[in-house]
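So the chains spell out like this:
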Amino acid sequence: MDYKKSNAPLNTVTRDVIELSEATGNIYETVCIIAKRANQIATEMKHDLEKKLQEFASLNDNLEEISENREQIEISRYYEKLPKPTLIATQEYVDNKLFFRNPVKEREGLD
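Participant: Can you help me understand the pattern of salt bridges in this one?
Facilitator: Opposite charge on two side chains lets them pair, provided their charged atoms get close. Applying the stated criterion across every chain, the model contains two salt bridges. Linking Arg37 and Glu92 is a salt bridge whose minimum nitrogen-to-oxygen distance equals 2.7 Å. Placement of Arg37 in helix H2 (residues 27-54) and of Glu92 in helix H4 (residues 85-94) is noted, with a sequence separation of 55 residues between them. The burial state of Arg37 is the same as that of Glu92; both residues are buried. With a shortest N-O distance of 3.7 Å, Arg77 and Glu74 are connected by a salt bridge. Placement of both Arg77 and Glu74 in helix H3 (residues 70-81) is noted, with a separation of three residues, approximately one turn of the helix. A residue is classified by how much of its surface remains accessible, and Arg77, at 44% relative accessible area, is partly exposed. Residue classification places Glu74 among the partly exposed residues on the basis of a relative accessible area of 46%.

Basis of the calculations
- Residues numbered from 1 in each chain as written.
- Predicted model: local features only at pLDDT ≥ 70, side-chain atom pairs only at ≥ 80, totals over all residues.
- Heavy atoms only, no water.
- Salt bridge = Lys/Arg side-chain N within 4 Å of Asp/Glu carboxyl O.
- Helix = DSSP H or I, 4+ residues; strand = E, 2+ residues; numbered from the N terminus.
- Buried < 20%, exposed > 50% of the residue type's maximum accessible area, 1.4 Å probe, protein only.

All quantities given are derived from atomic positions and should not be read as evidence of function.
Shown next as structure tokens:
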């Protein structure tokens, strides 16, 4: 899912962890799933931001040459205003947009 088009809230939302864990049956497993997805989103966001800011990097940086760049500031502000990766991951989980599996449970089911 594209994190830029997420309908995740911008602020923290109180959620019922018992309701969140109904799909897995385990609160800790649910938190682990959301945390792993949040790490994936954070890595993707960081990579995208670095790629966009790389265009503004100059090879010869001197203290006199460093100046504010309006486009660079706007890009940084845009990424700061996006929802946090944990909120995006939680929203994806609530909307059933995450695929997850537990190989241990699958193995136990085969025995």
